[in-house]
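Geometric and topological summary
The lines below spell out each chain.
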Amino acid sequence: MNQHVLEILRESMVRRWVQHGKVEQIRTATIRGKKEELIVINFQNTNLYCKKEDFLDREVGTFNGFLHTRVPFIVTNIMEAEGVVLVSRREAIPRIVDQFLEVTRQGDKVRGVVTGVLDSNLVFVDVSGFPCIIPASEWDVRKIRNLREQLPVGTEIEAIVQEIRKDDQSAPIEQSDAADVQEEEQELVKSKVSSSQEYGYRVILSRRALVVEGKGRFWDEIENHHNIGDKVSVKITGRAPGANSYFCELPSGITFIGNLSKFLKQKFHDGLPAGVVATAEITQIEKSVKRGRVLIFRLEANHAAMMNNAYRFI
C-alpha cells in the first residue's frame, strides 16, 4: 500500500474525516479468517473494503446500483499486517448531512457531479457527497431530447438549489419520471431513491434557473453583444403568435421574434419548420422589456435545399 495514502487514511481514522471513493466491485474476501462479501471502494488507487452492514442500514437485494458511483466513507480499521483497510459509509452519512445543511441554503449556487441520467431526463447529481436531483423540467429553458446521450456520468455542472425538504419516504423521487423506466435503469432508480431517503432530505436543483439568470445578465449588457443592423445566425424553434412570425434562437441563447423577408415569404408561404437555420438581420432591440426582432433573409444552404425540394411541386 502506498505509504502516503496510508498516512492520510490513518489521520482520517483518528480525526473521523469523511473521504470519498468510487465503488469498484462487490467481491468475497477473507478478513481475519472469515469469508465475507465486501464492497470494494477505490481511494487514490487503493482498494478499501466496506462490509454490507456498514454500507447500508437496511437490506437490499443487490448493490449493483452503486457500482462506479462516488460514495463517502469514514475509516474504521486499518489492519496493516493483512494490508486491509475497513471503512463505513453509514457512519459518514450523518456528517455529510450536517455539513451540507450547515452551509447550503435555498437559492445557493452549487457545483456537483452527474451520477446518473434516466431516459426521462431526470438527472442525479452529487454535491459535496450529498445526492441531489434535477427534474427534467429544471434542466433548461428548452426541452432537451436524449439528455442521457449528451450528459455523461462524471460531468461537472452548476445549478441553483431550488428546494431542501425533509424526505417523504412514501413518495417516489418524481412519479412521472420514475414510472415506465427500462429494466436496466431500475437498479439506478432504486439506489438513488434509497440514497435520498437514507440521507433524510430531498434536495432539488435547477440548472434552468442558472440559464435564465445568465440570459437576464446578457440582456443587461445587450449592446455589448448585439446591435440593430447586425447579421446573425438564428435557429427557428417554433411559430410565434401572428402571421409570418417565428421564435428565433440566437447563438447567445436568447430568443428574438423573426419575420421572413418578402422573398422567402412568397417562396415558402410562411411554412418554415422548427429546426431550420437561417441568417437574419436584427431590426429591433427593446432592452427594457428584453425583446428583439429580426428579419430572416437567407436559409442555411442545406436547409434551403431541403425546403426547395419540399416546395418543388407546390
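Residues numbered from 1 in each chain as written. Predicted model: local features only at pLDDT ≥ 70, side-chain atom pairs only at ≥ 80, totals over all residues. Heavy atoms only, no water.

1. Observations concerning the layout of surface pockets
- Here the largest pocket is characterised by a volume of approximately 250 Å³.
- Taken together, 16 residues make up the lining of the largest pocket; nearest its centre are H68, T69, R70, T115 and V153.
- At the level of elements, β1 (19–31) and β6 (109–117) are the ones that each hand at least two residues to the lining of the largest pocket.
- When grouped by side-chain class, the residues that make up the lining of the largest pocket number five nonpolar, eight polar and three charged.
- Forming the walls of the second largest pocket are N121, A136, S137, W139, D140, R142, K143, I144, R145, N146 and L147.
- Considered class by class, the residues forming the lining of the second largest pocket number four nonpolar, three polar and four charged. (1 Å grid on protein atoms, 1.4 Å probe; cavity = no way out; pocket = protein on both sides within 12 Å on 5 of 7 lines; lining within 4 Å. Points joined across faces, edges and corners; volume = space filled by probe spheres on them. Helix = DSSP H or I, 4+ residues; strand = E, 2+ residues; numbered from the N terminus. Nonpolar A, V, L, I, M, F, W, Y, C, P; charged D, E, K, R; others polar.)

2. A short note on unusual backbone geometry
- We note that Q44 has phi near 50 degrees; this positive angle belongs to a residue other than glycine.
- Within the secondary structure, Q44 is located in the loop between β2 (34–43) and β3 (46–51).
- Not every positive phi belongs to a glycine, and K290 is a case in point at roughly 55 degrees.
- Looking at where K290 falls in the secondary structure, it is placed in the loop between β14 (277–286) and β15 (291–299).

3. Quick look at helix α7 (residues 208–220)
- Under the 1.5 Å per step criterion, the end-to-end length of α7 is 19 Å for 13 residues, consistent within 8% with the ideal 18 Å.
- Taken residue by residue, α7 has L210, V211, G216, F218 and W219 as its buried positions.
- On the buried face of α7, the contacting elements are β6, β9 (156–166), β10 (201–206), β13 (255–260), β14 and β15. (Expected span 1.5 Å × (residues − 1). Buried < 20%, exposed > 50% of the residue type's maximum accessible area, 1.4 Å probe, protein only. Contact = heavy atoms within 4.5 Å.)

4. Quick word on the pattern of salt bridges
- In total, this model carries 14 salt bridges according to the counting rule given.
- For R10, the salt bridge goes to E80, with nearest N and O atoms at 3.1 Å. In this pair, R10 sits in helix α1 (residues 3–15) while E80 sits in the loop between β4 (70–79) and β5 (84–88), placing the two residues 70 residues apart along the sequence.
- We classify R10 as partly exposed; its relative accessible area is 30%.
- Judged by relative accessible area, which is 48%, E80 ranks as partly exposed.
- In this structure, R15 engages E11 in a salt bridge whose closest nitrogen and oxygen atoms are separated by 3.1 Å. With R15 and E11 both in helix α1 and four residues apart, the pair spans about one turn of that helix.
- Using a relative accessible area of 36% as the deciding quantity, one classes E11 as partly exposed.
- When salt bridges with common partners are traced through the structure, they connect R111, E156 and E158 into a single cluster. (Salt bridge = Lys/Arg side-chain N within 4 Å of Asp/Glu carboxyl O.)

5. Looking at the side chain of D126
- Along the chain, D126 turns up in strand β7 (residues 123–127).
- There is a polar contact of 2.9 Å between the side chain of D126 and the backbone nitrogen of G129.
- Not counting residues within four places of it along the chain, the set of residues in contact with D126 comprises R70, G112, V113 and T115. (Polar contact = N/O pair within 3.5 Å; in protein donor to acceptor, adjacent residues only side chain to side chain.)

6. Overview of the nonpolar core
- The biggest cluster of nonpolar side chains holds 26 residues, and the ones touching the most others in it are V123, F130, I134, W139 and L205.
- Elements with a contribution of two residues or more to this core: α3 (89–103), β6, β7, β8 (130–134), β9 and β10.
- Broken down by element, this core gets its largest block of residues, five residues, from α3.
- Counting 24 residues, the second largest nonpolar core, distinct from the first, contains Y246, C248, F256 and A304. (Core = buried A, V, L, I, M, F, W, Y, C linked by side-chain atoms within 4.5 Å.)

7. Points about the environment of V97
- With respect to the element layout, V97 can be found in helix α3.
- Measuring from C-alpha to C-alpha, the distance between V97 and Y201 comes to 8.3 Å, with 104 residues separating the pair along the chain.
- In this view, V97 contacts F130, Y199 and Y201; residues no more than four positions away in its chain are not counted.

8. Examining the sheet that holds β14
- With mixed pairing, the five strands of this closed barrel are ordered in space as β11-β12-β13-β15-β14. In this sheet, adjacent strand axes meet at a mean angle of 50 degrees when their direction is disregarded.
- Alignment of β13 against β15, held across four bridges, turns out to be parallel. Residue I257 lies in a different strand from β15, and its bridge partner there is R293. (Pairing = 2+ DSSP bridges. Axes fitted to C-alpha atoms, helices over the stretch in contact; angles between N-to-C directions.)

Purely spatial values, then, with no claim about function.
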